[in-house]
Amino acid sequence: MEEDTKPLLIPVGGDESNYGIMNIQFNPEDFKCKRPFHVEPTNIVSVNDDMQRVTDEASAMNKRIHYYSRLTSPTDRALIAPDHVLPAPDEIYVYSPLGTAFRVDSCTDGYGKNSSIICDMEYNDGYIYIKYSMGDKTGFTSGIILILLMGLLTLYCCYRVVKSRKMIPLVDTSNWEFPDVCKYYFGSFGQWTSLLFSMVSLVGAMVVYWVLMSNFLFNTGKFIYNYVHDINVTDIVPGTNGSNKVICPSAAGDHPPQNGSMVFSSGNSTGFELFEEWWNKSQTVPFYLIAVLLPLLNLKSPSFFAKFNVLGTVSVIYLILLVTVKAAHLGIHLEYNWFTENEFFVPEFRILFPQLTGVLTLAFFIHNCVITLLQNNKNQENNVRDLSIAYLLVGLTYLYVGVIIFASFPSPPLSKECIEQNFLDNFPSNDVMSFIARIFLLFQMMTVYPLLGYLARVQLLRQVFGNAYPSVFHVLILNIVIVGAGVLMARFYPNIGGIIRYSGATCGLAFVFVYPSLIYVISLHRAGQLTWPVLIIHILIIVLGLANLIAQFLL
């Protein structure tokens, strides 16, 4: 068996960088671009077509490419596949270990787009969480500091993930993803644990999406019903007066009405009561979503929903606009109490700060797919720059939204403790700008949710059964379990901040803190370059990740 993995020809002497006359036609950039990969037809996805398939010719050419690669070791360039055995440009695919493949129209199509792609990924997975960053009661000053520190720490760990492949000597890792690196260092344990923690992040995000979609759908339907039937409603909660009203739902008591509203004037009060009975935030609306989203999850190709990714950018821009407009009308309401608490303000530093670190771990989490996002960059030396720009833009957005929401919240008359995990709930049900924001977010999440489900399906079923779509029955069972988890959480535990911080701290322990640090330390040790300061720093990072997870269950 060992002989099967050995190259057929072993070069004698020579420098890897000196290819010789046999490789006079070789261009390193062409080699990186023209690296075809053949996968099962059901796993090919294109944003332009509903279903992409690999042709028989491309499959045959791919086998010939593999034959060339077997002639010498991967690190030797003595024999490079000539141009006539490379597939045509429209048959070249970039493969992702998550189970998808995208057709590459040209080698330079991905150039210059990596920062925006990473921003879109983090906004789609992370910007939604910023609503809760200052609502986790960590304090204004400590919240700002934690966002900055967690941004820098997760950026460094993400940098270590990007560089992890290059730390492996004598092996061609150009097509590897981070789970492959984990498998190289830790064997099957690294492979399966990376799958487990990746599933935690995906399913956790899908559960949060279901809770939020239930919230947005409920408030949207309520707004439309009241407007169509000319019903004047007021929320049974404390709030400010004036045209820019802000409410405090958490102050309505331990068991407020589920729909939290009272009819002041209505042409048909019986109809309104019947509507509220069948349109309940936790008892009915989460189940209505099943009829729409469960069939979408069973589609083989999610490429149709990828076309709506622009909704993510539109949602971010509109949320920033909404926050800015509301803050301009409400003004700034700050009072610095460093360690003492009063009726309207919270201390600047609180012992509950680990709640925010758990949220931020998932808000800055992109470590399990960052290599895939950057591998099509024409200038690979710009990967670190692109990654840093993306984290900078995302971090600034988090800071702006979190700081403005907290600073402009009207205290007095309301306490800063009234800031909801979903800050849109701090505006009355008849607020037009909040209604538009919920519409944007609802449609965006309904298009992103099937994509997350597709990634979860590919990762799990492909690993267990060797096929991302073994049968309709397998896919349906998996989707029912995922949807059921979302419905149960929306019904019995709609605590978005809690779900985010638990799942964020859990998946972050492996992908953000432990694996990148351990892999870096082990690679340096094998190369004889490990120093005590480097070892201590990375042990400290691992300890911080473990403490972050433990603290979520203690506070």
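Placed above this text is the structure.
Here's a quick rundown of the structure. Treat the numbers as computed from the prediction; the structure is a model and nothing was measured.

Scanning the entire structure with this criterion turns up 18 aromatic pairs. Considering the side-chain rings of Trp176 and Tyr184, the 5.9 Å spacing of their centres and the 55° angle between planes classify their relative orientation as tilted. Look at Tyr502 and Phe553: their rings are 5.1 Å apart centre to centre, the planes differ by 25°, and that puts the pair in the stacked class. Residue Tyr502 is found in helix H15 (residues 496-526), and its partner Phe553 is found in the segment after helix H16 (532-552); the two are separated by 51 residues along the sequence. Looking at Lys300, its charged tip hangs above the ring of Tyr469, at a distance of 5.0 Å from the centre. If you follow Lys416 out to its NZ or CZ, it ends over the ring of Phe406, 5.0 Å from the centre.

The next point concerns helix H10 (residues 354-363). Because an α-helix packs 3.6 residues into every turn, residues spaced three or four apart end up facing the same way. With 10 of 10 residues buried, H10 is to be regarded as a mostly interior element. For H10, the full list of buried residues reads Pro354, Gln355, Leu356, Thr357, Gly358, Val359, Leu360, Thr361, Leu362 and Ala363.

It is worth spelling out H15 at this point. End to end, H15 covers 43 Å across 31 residues, agreeing with the expected 45 Å (1.5 Å per residue, within 8%). The axis of H15 is deflected most strongly, by about 55°, at Gly508. Counting buried positions along H15 gives 25 out of 31 residues, so the element sits mostly inside the fold.

Let us look at the packing of H10 against H15. Packing of H10 against H15 leaves a shortest axis separation of 7 Å and a crossing angle of 65°. As for how H10 packs across H15, the hand of that crossing is left-handed. Side by side, H10 and H15 meet where Gln355, Gly358, Val359, Thr361 and Leu362 of the first sit next to Gly497, Ile500, Arg501, Ser503, Gly504, Ala505, Cys507, Gly508, Val512 and Phe513 of the second. By residue class, the composition of the contact of H10 with H15 is seven nonpolar, seven polar and one charged.

This next bit is on the pattern of salt bridges. In this structure the tally under the stated criterion is three salt bridges. Taking the shortest distance from any N to any O, the salt bridge between Arg385 and Asp386 comes out at 2.9 Å. Taking relative accessible area as the criterion, Asp386 reaches 4% and is therefore assigned buried. Where Asp425 meets Arg438, a salt bridge forms, and the shortest distance between an N and an O atom there is 3.8 Å. With Asp425 in the loop between helix H12 (383-408) and helix H13 (432-465) and Arg438 in helix H13, this pair connects stretches of sequence that are 13 residues apart. On the basis of relative accessibility, which here comes to 15%, the residue Asp425 falls in the buried class.

Moving on, we get to the nonpolar core. Within the largest apolar cluster, 112 residues are counted, with the highest numbers of intra-cluster contacts made by Phe178, Trp210, Met213, Val370 and Tyr449. Tallying contributions element by element places helix H5 (residues 178-228) first for this core, with 21 residues. With near-sequence residues (within four places) excluded, Tyr449 lies in contact with Met206, Tyr209, Trp210, Met213, Leu293, Leu297, Ile482 and Val483.

What follows concerns a nonpolar patch on the surface. Together, Ile145, Leu149, Ile332, Leu334, Tyr336, Trp338 and Phe349 give the surface a local cluster of nonpolar side chains, amounting to about 680 Å² of exposed area. Secondary-structure assignment places Tyr336 in the loop between helix H9 (310-330) and H10. Looking at Tyr336, the relative accessible area reads 46%, which means it is partly exposed.

Turning to the environment of Val458, a few remarks are in order. In this fold, Val458 is placed in helix H13. Measuring from C-alpha to C-alpha, the distance between Val458 and Ala468 comes to 4.6 Å, with 10 residues separating the pair along the chain.

Criteria and thresholds
Residues numbered from 1 in each chain as written. Predicted model: local features only at pLDDT ≥ 70, side-chain atom pairs only at ≥ 80, totals over all residues. Heavy atoms only, no water. Phe/Tyr/Trp six-rings, centres within 6.5 Å; stacked < 30°, edge-to-face > 60°. Helix = DSSP H or I, 4+ residues; strand = E, 2+ residues; numbered from the N terminus. Lys NZ or Arg CZ within 6 Å of the ring centre and 35° of its normal. Buried < 20%, exposed > 50% of the residue type's maximum accessible area, 1.4 Å probe, protein only. Expected span 1.5 Å × (residues − 1). Bend = angle between axes of the 7 residues up to and from the residue. Axes fitted to C-alpha atoms, helices over the stretch in contact; angles between N-to-C directions. Left-handed = near helix turned anticlockwise from the far one by under 90°. Contact = heavy atoms within 4.5 Å. Nonpolar A, V, L, I, M, F, W, Y, C, P; charged D, E, K, R; others polar. Salt bridge = Lys/Arg side-chain N within 4 Å of Asp/Glu carboxyl O. Core = buried A, V, L, I, M, F, W, Y, C linked by side-chain atoms within 4.5 Å. Patch = residues over 30% accessible without salt bridge, like charges linked within 9 Å, V, L, I, M, F, W, Y side chains within 5 Å. Areas by Shrake-Rupley, 256 points an atom, 1.4 Å probe, with all protein chains shown as cover.

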